[in-house]
Amino acid sequence: PPSIVWFRQDLRLSDQAAFAAGAAEGSVLAVYVLDDETPGEWRIGGAQRWWLHHTLAALAKSLAGRGVPLVLRRGRAAEQVARVAQEAGAARVHCLAHQEPWWREAEDTLARSLDLVRHPGRLLADDGMVRTGTGGRFRIFTPFWRALQLHMPPPSPEPASATARGMAHPPHSERLEDWHLLPTAPDWAEGFAHWTPGEAGAEARLEAFADEVGDYEQARNLPSTDGTSSLSPHLHFGEISPAAVWHALDGKAGAESYLREIGWRDFAANLILEQPDYGAAHGRAKMDGLRWRTGREADADFRAWTRGRTGYPIVDAGMRQLWHIGWMHNRVRMIAASFLVKHLLIDWRRGQHWFWDCLVDADYGNNAVNWQWIAGTGVDSSPFGRIMAPLVQSPKFDAASYIRQWVPELADMGDAAIHDPHAVGAAPADYPAPLVEHRAARERALAAAASARA
Ligand code: FAD
């Protein structure tokens, strides 16, 4: 009987243990289910639908090159995979174990009705390897990272098996085009041409970055340069394995600080395994008393933030970059997120959802952990009272040309005035006035934090 390989956020053939196991068993059939039901509010967002379309097209092509059919279905993943298994007369289903709570639930459901084999491969260290001395999970990054390194390097990545034998008469597949994952009118994804979804695109990006990793430590905080790897959407969709990234870079001058960032990805997965509702509930319960602004005025501020019209150039540049290419530089994500939470005193969960819909790298664990870190509500967080000053951060990290690129109203402005054009009376008429004044916003945030504690 054939075996099934169930693909989700692991859309590659190299170093893909589920595919390798299926291929070794005889004839194989690949399945992908577009599941907008099981994840509930965390169903795949708008920007990622664009990515998904292209990465599935690439995967189908690589599979076809090996004679393996890809069956596409819509609906609840656990039900659909079971149905395809039945139609194909399959004996076994292989998958990579996922950490998102809804995927774990779907895996558990499926495992009750058929032979499901869960393989490691989403993380550097398989779940369960990185534990405290007493067997618990780490809640702070630095000791987690120290413990993770004891298990490194990860196993060497395995090349894609060349010997797969596809199932001759596969069950019916839906057509990718019928899923309408691409935007039409308006086509907001024009700027996404920046990206090459799929395994080959991921490998090319890694190869290019391997030559630049030596500059990472220096350049990673400067939004005006391409100092980071831009591998995040490829890693989220599993087009490349973290082990492959590790082995490509380990030992290169300057790679340590980069590999530590990849370690944050494992840490975030570790936290959502510990607290599956981390995207909704505070890591620090004592922050539950914080009174976020709500109502019409807060809604208008939120909308201005999403549009990149806060009057703070660095924040606006980030929010517009997000809209145009589905990605934002990490330093600017921190500044923009902090602005929403502290300056506007708007609930971080609203920002998290906006990011979820707009980011091509939207990832439940990474998004929640970073939002809670910024908001001061997480288990491992900077304190709420530490408030980033966007007008200080912007010149400090040399963001002038980044702002000129993403905020066209300010494109002609020189380095001295661009970080805060209002202060020098140089703001063009079509650029909005600041939503709030920094010092007043800071006091309001500190007062809210104090009353939450009381
Ligand atoms: P690089 O600097 O080249 O880092 C390499 C890889 O390490 C990344 O691709 C990513 O997989 C991982 N990584 C780096 N920084 C972090 C981090 N702080 N936390 C977890 N993993 C990290 N990242 C996501 O992948 N998905 C998200 O939904 C997401 N939401 C975020 C929300 C906020 C408010 C903030 C402040 C950060 C968020 N990040 C998220 C983390 C980080 O901003 C991105 O991973 C990074 O900017 C991606 O660009 P890169 O691949 O060039 O990063």
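Within every chain, residues take consecutive numbers counted from 1 along the sequence as written. Two thresholds apply to this predicted model, a pLDDT of at least 70 for residue-level local features and 80 or more for giving and counting side-chain atom pairs, whereas whole-chain, interface and lining totals are computed over all residues.

Engineer: Would you mind going over the overall build of the protein with me for this structure?
Structural biologist: Here a helix means four or more residues in a row that DSSP labels H or I, a strand means two or more in a row labelled E, and each is numbered from the N terminus. A tally of helices and strands in the protein yields 19 helices and six strands. In terms of C-alpha radius of gyration, the protein reaches 23 Å, essentially the compact-globule figure of 22 Å for 454 residues. Based on the C-alpha atoms only, the size of the protein along its principal axes is roughly 75 × 50 × 50 Å. Scored against the burial criterion, the 454 residues of the protein give a buried share of 44%. Only C-alpha atoms enter the radius of gyration; for comparison, a globular chain is expected to reach 2.2 Å times N to the power 0.38, where N is the number of residues. Our exposure labels follow a C-beta count within 10 Å of each residue's own C-beta, placed from the backbone: buried means 20 or more other C-beta atoms, exposed means 12 or fewer, and partly exposed covers the counts in between.

Engineer: How do you make sense of the nonpolar core when you look at a structure like this?
Structural biologist: Most often, soluble globular proteins have nonpolar side chains that are buried together. Among the nonpolar cores identified, the biggest contains 125 residues, and Ile4, Ala30, Val31, Val81 and Ile403 are the most heavily contacted of them. For this core, the element with the highest residue contribution is helix H2 (residues 46–65), accounting for eight residues. In this description, a residue-residue contact is defined by the distance between C-beta atoms placed from the backbone, which must lie within 7 Å. Setting aside chain neighbours within four positions, we find Ala30 in contact with Val5, Phe7, Leu63, Val68, Pro69, Leu70 and Val71. The term nonpolar core refers to a set of buried Ala, Val, Leu, Ile, Met, Phe, Trp, Tyr and Cys residues connected through C-beta atoms within 7 Å.

Engineer: In this structure, what is going on with helix H15 (residues 364–375)? I would like to understand it.
Structural biologist: Given 3.6 residues per turn, any residue in an α-helix points the same way as the ones three and four places further on. Helix span, expected: 1.5 Å multiplied by one less than the number of residues in the helix. Between its terminal C-alpha atoms H15 stretches 16 Å, which fits the 16 Å expected from 12 residues at 1.5 Å a residue. The buried fraction of H15 is high, at 12 of 12 residues. Close packing links the buried residues of H15 with helix H10 (255–274), helix H13 (330–343) and helix H14 (348–358). Of the residues trailing H15, Gly376 is marked for its positive phi of about 75 degrees.

Engineer: Would you explain the site of the ligand in this entry?
Structural biologist: Taken together, 27 residues lie around the ligand, and Thr228, Ser229, Ser232, Asn367 and Asn370 are the ones closest in. Contributing elements (two or more residues each) for the shell around the ligand: helix H8 (232–236), H10, H13 and H15. When residues are grouped by polarity, Ala, Val, Leu, Ile, Met, Phe, Trp, Tyr, Cys and Pro land in nonpolar, Asp, Glu, Lys and Arg in charged, and all others, Gly among them, in polar. Partitioned by chemical class, the residues of the shell around the ligand number 12 nonpolar, nine polar and six charged. Here the bounds of each domain stem from an automatic or database domain assignment. Two domains each donate at least three residues to the shell around the ligand, and these are domain 2 (123–153 + 198–274) and domain 3 (285–453). Should the C-beta atom of a residue, placed from the backbone, lie within 6 Å of a molecule or strand, that residue is near it.

Engineer: Which parts of the structure should I look at to understand unusual backbone geometry?
Structural biologist: If a residue is not glycine, its phi is most likely negative; likewise, a peptide bond is most likely trans. Residue Pro153 follows Met152 across a cis peptide bond; omega there is 0 degrees. Relative to the helices and strands, Pro153 is located in the loop between helix H5 (141–149) and strand S6 (165–166). With an omega of -5 degrees, the peptide bond between Ala185 and Pro186 qualifies as cis. Within the secondary structure, Pro186 is located in the loop between S6 and helix H6 (199–210). The phi dihedral of Asp15 falls on the positive side, at around 45 degrees, and the residue is not glycine.

Engineer: Sorry, what's going on with the UniProt feature "site: Electron transfer via tryptophanyl radical" (unreviewed entry) in the protein here?
Structural biologist: UniProt positions are given in the numbering used here, feature names are shortened, and annotations may be inferred rather than shown by experiment. Within the UniProt annotation, "site: Electron transfer via tryptophanyl radical" (unreviewed entry) is assigned to Trp292, Trp348 and Trp371. You can see Trp292 is positioned in the loop between H10 and helix H11 (296–307). Beyond its immediate stretch of four places on either side in the chain, Trp292 contacts Leu345, Ile346 and Asp347. For Trp348, the location among the structural elements is in helix H14. Ignoring sequence-local partners within four residues, the contact set of Trp348 consists of Val341, Trp371, Gln372, Ala375 and Thr377.

Engineer: I'm lost on the UniProt feature "binding site: FAD" (unreviewed entry) in the protein in this one. Help?
Structural biologist: The feature "binding site: FAD" (unreviewed entry), as annotated in UniProt, sits at Tyr216, Thr228, Ser229, Ser230, Leu231, Ser232, Tyr258, Asp361, Ala362 and Asp363 in this numbering. These annotated residues cover 148 residues of sequence, and their C-alpha atoms reach 22.6 Å apart at the extremes, leaving them scattered rather than at a single site. Within the fold, Ser229 resides in the loop between helix H7 (216–219) and H8. Setting aside anything within four residues of it in sequence, one finds Ser229 in contact with Arg205 and Phe209. Mapping Tyr258 onto the fold places it in helix H10. By C-beta crowding, Tyr258 is classed as buried, having 24 other C-beta atoms within 10 Å.

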